[in-house]
Amino acid sequence: MSGSCKAMANGTAVVVGDVSVQPMPAFRSSVLEEGARGGRLVSLFPMEGPDGTLLFAFVAQDAMGTVALFAGALGSERTYPALTAQWPQAQAFERDLWENGGITPEGHPWLKPLCFPSLRSGQTIPADYRYFAAEGEEVHEVAVGPVHAGIIEPGHFRFQCHGEEVLHLEIQLGFQHRGAEGLLRNAPAPRRLTTAESIAGDSVVAHTTAFALVEEALAGAPVPARAHALRAVALELERLANHAGDLGALAGDVGYLPAASFFGRLRGDFLNLTQGLCGNRFGRGLVIPGGVRFDADPGWIDGTLKALTVLRRDMEDTAGLLFGSASVQNRFEGTGILYKDTAELLGVVGPAARASGCGRDVRQDHPAGYYRFAQVPPQMLASGDVYARAMVRWLEIQQSLRFLEDNLPSLPSGFLRVEAGTRQPGRIAVALVEGWRGETVHAAATDASGDLAAYKVTDPSIHNWMGLAMAMRGGAISDFPLCNKSFNLSYAGHDR
Amino acid sequence: MIDLLRARLRQGYRTQPFPPATNPLPERFRGLPVISSGPCAESCQTCMEACPTGAITTDGGVKLDLGKCLFCSACAEACPEGKILFSQDYALASTSREALVLNGEGIRPKVEALQGEMKRLFGRSLKLRQVSAGGCNGCEADLNVLSTVGFDLGRFGIQFVASPRHADGIVVTGPVTRNMASALRATYDAIPAPKLVILVGACALSGGTFAGSPAVAGMPTDIPVDLYIPGCPPHPLTILDGLLRLLGRLGK
Ligand code: SF4
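Below is a summary of the structure that appears in this document.

Quick notes on the rules
Residues numbered from 1 in each chain as written. Chains lettered and ligands numbered in written order. Predicted model: local features only at pLDDT ≥ 70, side-chain atom pairs only at ≥ 80, totals over all residues. Heavy atoms only, no water. Helix = DSSP H or I, 4+ residues; strand = E, 2+ residues; numbered from the N terminus. Buried < 20%, exposed > 50% of the residue type's maximum accessible area, 1.4 Å probe, protein only. Contact = heavy atoms within 4.5 Å. Near = heavy atom within 4 Å. Nonpolar A, V, L, I, M, F, W, Y, C, P; charged D, E, K, R; others polar. Buried area = accessible area lost by both parts, 1.4 Å probe. Salt bridge = Lys/Arg side-chain N within 4 Å of Asp/Glu carboxyl O. Pairing = 2+ DSSP bridges. Axes fitted to C-alpha atoms, helices over the stretch in contact; angles between N-to-C directions. Expected span 1.5 Å × (residues − 1). Phe/Tyr/Trp six-rings, centres within 6.5 Å; stacked < 30°, edge-to-face > 60°. Lys NZ or Arg CZ within 6 Å of the ring centre and 35° of its normal.

**As for the overall build of chain A**
The secondary structure content of chain A amounts to 17 helices and 16 strands. Here the C-alpha coordinates of chain A stretch approximately 70 × 60 × 40 Å along the principal axes. Counting only residues that meet the buried cut, chain A has 64% of its 496 residues in that class. The long-range share in chain A, meaning contacts at least 24 apart out of those at least 6 apart in sequence, stands at 67%.

What follows is the structure, encoded as structure tokens:
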């Protein structure tokens with residue numbers, strides 16, 4: 001790691017004044033060098049201050065378990081040569097800087113709106129946006145959305161096809177943009193918490209844990225071990241529910257209804273376990289800065305362990321049906337391949353990355369909280385197709401079941417929560433959490449009076465939507481629903 | 001095939017009767033709040049300050065607007081006198097917006113069943129088009145769950161359909177972002193009249209945690225609403241209960 005950065009551990013804060021601020025050309029080359037050494041861009045955002053605008057970049061070094069923080073001084077012209085030209089994984093971050101921060105990354109190969117925050121641009125979508133178009137004889141275009149056929153969040157998909165074959169898929173989102181980051185920075189404390197819960201409603205525990213870790217790091221709060229443990233329990237239950245739901249949805253999409261209905265029901269059983277713990281199926285109300293609000297009492301632990309034995313048996317039966325059916329495998333194998341080098345290039349995270357042979361998992365690479373004591377090695381496959389994304393989920397389901405069976409009987413004792421305390425002035429903090437969909441990142445910085453001067457959320461979907469677009473290239477348009485479900489990305493998490 | 005049958009037998013019949021014989025919700029579930037009547041200690045505003053969404057007002061006794069409430073129970077935790085409690089009662093839907101503003105004097109959400117022609121048209125078969133307009137996928141998830149084997153919405157003649165032109169009504173989730181306002185309007189317009197409008201979740205009812213955000217337009221005020229279903233997100237039982245009451249399919 002170069003001397004121009006500050007090496008941080010997941011879930012910690014440093015003094016902003018201790019980070020060496022580089023002029024933009026040097027900032028840019030040191031960030032790119034860090035990337036060339038295997039780093040991944042986990043966050044990039046500006047902070048406006050009395051001395052001008054700073055650009056912060058967090059680059060994760062998975063092999064070392066550190067996150068390198070770089071700071072660049074942006075001049076008053078508010079432009080700099082784009083990172084994306086050399087490092088594609090910066091593409092969404094730089095589009096966000098451009099549309100939300102009024103900063104121009106010059107030479108960005110495809111500088112187009114990410115979320116159309118209507119305030120700044122005054123535009124609406126998709127009326128005045130020009131989609132990428134392929135030309136040629138027999139090339140045709142298919143447009144889908146924003147309102148889809150099922151109960152699904154809105155987004156627009158524009159396919160350029162030659163017959164069945166997809167030449168190019170452009171995914172334009174932003175319909176879900178609610179201004180969450182603005183509220184996370186400026187709203188009163190109770191509302192900041194409920195906003196963190198609502199960034200992506202299927203990833204409540206992942207987002208609230210990252211939110212709480214950042215608050216706690218900025219305030220220097222000593223979070224009790226039992227709170228960390230209960231957050232991990234809830235995070236694994238969230239993973240189980242969503243992975244089970246995803247396997248069911250994949251089964252449904254290829255018309256294999258028994259597995260679809262069994263997994264659908266099993267998903268609900270996991271949600272109900274979470275509801276028993278904290279009163280809400282999605283884990284709302286559990287995680288707060290300073291700890292958790294509800295304890296796992298002996299009755300809940302007992303009941304959960306008993307339920308897990310039955311759930312494990314039913315899951316194994318159902319997975320056996322799904323993965324043992326030749327017609328299902330025929331549809332899963334070789335469909336929607338995301339090659340490893342593309343996944344690396346785009347910085348894809350989560351099960352989608354692990355299914356393409358990229359062995360990243362925050363729980364293993366950057367353990368924070370309870371994961372410092374409980375090992376969760378990444379589950380990987382190499383084929384990058386729908387089959388691999390389904391199988392990685394099944395492997396992770398078994399791993400999460402084991403995690404709960406092993407850890408529930410011996411959770412650390414002690415307090416549930418401490419007063420989170422007040423944020424220290426002039427600090428910057430980052431937290432990474434491996435949600436079921438992948439790496440979920442919150443980062444924030446305080447000004448001289450301890451108020452928030454910047455707040456940045458990176459849902460795993462920010463990286464992965466482009467991965468889905470690439471996986472569709474050369475595939476059949478009729479495979480899109482299946483391929484889309486195998487990624488199952490968040491619209492709201494992307495749009496914030 | 002043998003494995004399939006074996007698994008089917010083992011997993012058994014999973015559709016739950018509705019209404020359930022006993023309330024299946026756990027002790028920590030937060031349903032209808034119960035507010036004790038009587039005045040609070042002078043100038044105490046603890047609950048108001050704890051509330052993320054401004055759902056509570058305190059002049060002349062505690063008033064709690066279920067349309068804004070996220071059921072976080074921060075108010076109950078904060079109140080020094082324990083005047084606010086959350087029950088396991090999941091019947092929260094209401095045809096009247098006013099009836100969602102609870103006080104200590106027995107106001108509770110109330111569903112007036114459809115009457116006359118509307119009842120004749122929709123009472124036994126209701127097709128709904130769902131539009132997520134900034135929903136975080138919480139409400140959407142619990143709407144989707146209604147079509148799984150556990151709740152089996154289809155047995156009541158209610159179904160979510162793909163095209164607004166096939167629909168009898170629209171179910172809106174989310175705070176209605178500026179970027180979804182025109183798509184929501186177009187979908188609403190495409191549904192043939194007479195049509196029902198059902199709002200699901202705190203965001204659709206009031207903006208929820210996103211109320212007042214510059215990126216949010218809010219539910220258009222010129223669209224008349226037939227049913228409000230509070231919650232963040234509403235439990236599937238809350239949604240099902242509301243729909244069936246609206247259709248006059250549940251007793252008093
Ligand atoms: S439970 Fe409802 S009224 Fe009480 S603090 Fe939470 S949002 Fe406000």
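**As for the site of the ligand**
Near the ligand, the surroundings consist of 14 residues, among which Cys51, Cys69, Cys72, Ser73 and Cys75 of chain B are the closest. In the shell around the ligand, the residues fall into 12 nonpolar, two polar and no charged.

**A few points about the interface of chain B and chain A**
Each partner contributes to the interface: chain B provides 60 residues, whereas chain A provides 59 residues. Taking both sides of the interface into account, the surface hidden between chain B and chain A amounts to around 4,700 Å²; carbon and sulfur atoms contribute 54%. Its largest share of buried area at the contact with chain A, chain B owes to Gln11, Arg28 and Asn179 of chain B, together 16% of the area lost on that side. Glu77 of chain B is paired through a salt bridge with Arg293 of chain A; the nearest N and O atoms lie 3.0 Å apart. Tallying contributions element by element places helix α1 (residues 2-11) of chain B first for the side of chain B that touches chain A, with seven residues. When the residues that make up the side of chain B that touches chain A are grouped by side-chain class, the tally is 32 nonpolar, 15 polar and 13 charged.

**Some words on the sheet that holds strand β8 (residues 169-173) of chain B**
All names here are of chain B. Read across the open sheet, the five strands follow the order β7-β6-β8-β9-β10; overall the sheet is parallel. Among the strands making up the open sheet, the edge pair consists of β7 (158-160) and β10 (227-229). Averaged over all pairs of adjacent strands, the angle between their axes in this sheet comes to 25 degrees, without regard to strand direction. Both strand β6 (residues 126-132) and β8 contribute to a ladder of five bridges, which runs parallel. Along β8, the bridge assignment pairs Leu128 with Gly169. Strands β6, β8 and β9 (196-200) of the sheet are contacted by helix α6 (residues 181-190), whose axis makes an angle of about 160 degrees with β8. Seen against the sheet, helix α8 (residues 236-246) touches β6, β7, β9 and β10 and runs at an angle of roughly 165 degrees to β10.

**A short note on helix α8 (residues 257-278) of chain A**
Residues and elements named next belong to chain A. Between the first and last C-alpha of α8 there are 32 Å, a value that for 22 residues agrees with the 32 Å anticipated at 1.5 Å per step. Burial analysis of α8 places 17 of its 22 residues in the buried class, the great majority of the element. Immediately beyond the C-terminal end of α8, within one or two residues, lies Gly279, with a positive phi of roughly 85 degrees.

**Digging into the packing of aromatic side chains**
Within the structure shown, the criterion is met by 13 aromatic pairs over all chains. Considering the side-chain rings of Trp110 of chain A and Phe132 of chain A, the 6.1 Å spacing of their centres and the 70 degrees angle between planes classify their relative orientation as edge-to-face. Linking Trp110 of chain A in the loop between β8 (104-106) and α3 (118-121) with Phe132 of chain A in the loop between α3 and β9 (139-144), this pair joins segments that are 22 residues apart in sequence. Ring centres of Phe157 of chain A and Tyr491 of chain A lie 6.5 Å apart, and the angle between their planes is 85 degrees; on these two criteria the pair is classed as edge-to-face. Of the two residues, Phe157 of chain A is situated in strand β10 (residues 156-162) and Tyr491 of chain A in helix α17 (residues 491-495); the sequence distance between them amounts to 334 residues. What makes Tyr491 of chain A buried here is its relative accessible area of 5%. Every member of this aromatic cluster is reached through a ring pair, and the members are Phe157, Phe159, Trp465, Phe480 and Tyr491 of chain A. When the ring centre of Trp110 of chain A is taken as origin, the NZ or CZ atom of Lys112 of chain A, which lies over that ring, is 4.4 Å away. The ring of Tyr188 of chain B has Lys195 of chain B sitting right over it, with the charged end atom 4.1 Å from the ring centre.

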